[in-house]
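Residues per chain are reported as follows:
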Amino acid sequence: MKPSIYSLTRQDMIDWAEENGEKKFRAAQIWEWLYRKRVQSFEEMTNLSKDLIAKLNDQFVVNPLKQRIVQESADGTVKYLFELPDGMLIETVLMRQHYGLSVCVTTQVGCNIGCTFCASGLIKKQRDLNNGEIVSQIMLVQKYFDERGQDERVSHIVVMGIGEPFDNYNNVLKIYPDGQTNWQRDLAVWSIAILQVVQLLVWLNKIRDFAKWRCAGQIWQMSLHAPNNDLRSSIMKINRAFPIEKLFAAIEYYIETTNRRVTFEYIMLNEVNDGVEQALELAELLKNIKKLSYVNLIPYNPVSEHDQYSRSPKERVIAFYDTLKKTRC
């Protein structure tokens, strides 16, 4: 299968042009057509020669995904089912937030992390998505609005779809081409300012690399969900290999290196991790980094296959929140 041209960074595209006997400025023209005008075929690049278009068609496809299903809910959330070149299916979600349009991208077909409360974990990992397939999700979502004449632009990329981003580390980082500036500059109409990487569970050697990778607006959200090893291991099997002590050593390194906050995601599971005792444990766990950390309490969305869990009732959430806030202040 031919690769997607979205898999090329700006420098990759310059190198390709020169290796194929083209001037360097041709790469800039191609980039403009792809990311500003957002064409879906090389034939639409009308200021390129027929010979160059033939070279592009011979070596690349533009978008490797096929849109199968689109579902739009009353609150403006849009779910997309895309087919990959090998026939496998992935889901991408567009969420409307107060700060703009946020695209939640998938990075793997299936997931091996095996969180016992998560629907994604029911599907064993089949393969990683390459960076071209990840970028294609963003571009097709934006195209959805372009074709409807809606003057709306995707403003945020959220890497929280199916899969573990740190298990596909190199491809995830490539969705922000050439480090920290080119994607943002060339997609200025999108006002992309955040690459929010969530569920970066415990790939500790990569966390250290991630700390050195300075992306504009980079936010790290850590899936924690429990304040101690016994409880976390019971709901997230990955904790058995990388317990909280090792995890927090990497987190402290990240904070020291970047001076950026870490947001801890905490799904509220009724009578599992939502008690006042767990709130006190969580406050103690975060006491050394409380000025550079947030806790995001998330309502649980029940999954029929995981019927041992239910959503925490309002009174338990309030008690947990009040205890955590009082103890951390």
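If you're wondering where the values come from, they're calculated on a predicted model, not measured in any experiment.

Draft legend 1. Local environment of the overall build of the chain. Helix and strand counts for the chain stand at 11 helices and 11 strands. Among the 329 residues that make up the chain, the fraction classed as buried is 52%. Carbon and sulfur atoms provide 49% of the accessible area of the chain, an area that totals close to 15200 Å².

Draft legend 2. Fine view of the pairing of strand β10 (residues 262-268). Across the 7 residues of β10, 7 count as buried, placing the element largely inside the fold. A two-sided burial pattern is seen for β10, the buried positions comprising Val262, Phe264, Tyr266 and Met268 on one face and Thr263, Glu265 and Ile267 on the other. Bridge count for β10 against strand β11 (residues 293-299) is 7 bridges, and the pairing is parallel. The partner of Tyr266 across the bridge, within β11, is Leu297.

Draft legend 3. Quick peek at helix α2 (residues 24-35). For α2, which comprises 12 residues, the first-to-last C-alpha distance of 17 Å matches the rise-based estimate of 16 Å (1.5 Å per residue) to within 8%. Along α2, the positions that sit buried rather than exposed are Arg26, Ala27, Gln29, Ile30, Trp31, Trp33, Leu34 and Tyr35.

Draft legend 4. Expanded view of the side chain of Asn239. Tracing the backbone shows Asn239 in the loop between α8 (229-235) and α9 (244-258). What makes Asn239 buried here is its relative accessible area of 1%. In contact with Asn239, other than residues within four places in its own chain, are Asn229, Arg232, Ser233 and Ile244.

Draft legend 5. Looking closely at the packing of helix α1 (residues 10-19) against α2. The contact between α1 and α2 brings their axes to 8 Å, and the two run at 130°. As far as their axial angle goes, α2 and α1 are oblique. α2 is crossed by α1, and the crossing has right-handed handedness. Listed contacts from α2 to Arg10, Met13, Ile14, Trp16, Ala17 and Glu18 of α1 are Lys24, Ala27, Ile30, Trp31 and Leu34. Here the contact of α1 with α2 is composed, by residue class, of 8 nonpolar, no polar and 3 charged.

Draft legend 6. Layout of helix α10 (residues 276-285). Every buried residue of α10 is listed here: Gln278, Ala279, Leu282 and Ala283. Around the axis of α10, the buried residues are gathered within 140° of arc, so they sit on the same side. Those residues of α10 that are buried lie in contact with α8, β10, β11 and α11 (314-328).

Draft legend 7. Region of the structure containing unusual backbone geometry. Phi at Arg38 takes a positive value of approximately 55°, unusual for a residue other than glycine. Within the element layout of this structure, Arg38 appears in the loop between α2 and α3 (50-59). Despite not being glycine, Glu271 shows a phi value in the positive range, around 60°. Among the structural elements, Glu271 can be located in the loop between β10 and α10. The exposure class assigned to Glu271 is exposed, which follows from its relative accessible area of 63%.

Draft legend 8. Region of the structure containing the environment of Thr116. Here Thr116 lies in the loop between β5 (108-109) and β6 (127-128). In sequence terms Thr116 and Gln308 are 192 residues apart; their C-alpha atoms lie 9.4 Å from each other.

Draft legend 9. Geometry of the pairing of strand β4 (residues 100-104). Across the 5 residues that make up β4, a large majority, 4, are buried. Relative to β4, strand β3 (residues 89-97) runs antiparallel, the two being bridged by 5 bridges. By the bridge assignment, Val93 is partnered in β4 with Cys104. The turn joining β3 and β4, which pair antiparallel and follow one another in sequence, is formed by 2 residues. In the sheet, β4 pairs with strand β7 (residues 154-159) via 4 bridges, with the strands oriented parallel. Residue Leu101 lies in a different strand from β7, and its bridge partner there is Val154.

Definitions and limits used
Residues numbered from 1 in each chain as written. Predicted model: local features only at pLDDT ≥ 70, side-chain atom pairs only at ≥ 80, totals over all residues. Heavy atoms only, no water. Helix = DSSP H or I, 4+ residues; strand = E, 2+ residues; numbered from the N terminus. Buried < 20%, exposed > 50% of the residue type's maximum accessible area, 1.4 Å probe, protein only. Areas by Shrake-Rupley, 256 points an atom, 1.4 Å probe, with all protein chains shown as cover. Pairing = 2+ DSSP bridges. Expected span 1.5 Å × (residues − 1). Contact = heavy atoms within 4.5 Å. Axes fitted to C-alpha atoms, helices over the stretch in contact; angles between N-to-C directions. Parallel < 35°, antiparallel > 145°, perpendicular 65-115°, else oblique. Left-handed = near helix turned anticlockwise from the far one by under 90°. Nonpolar A, V, L, I, M, F, W, Y, C, P; charged D, E, K, R; others polar. Arc of directions from axis to C-beta.

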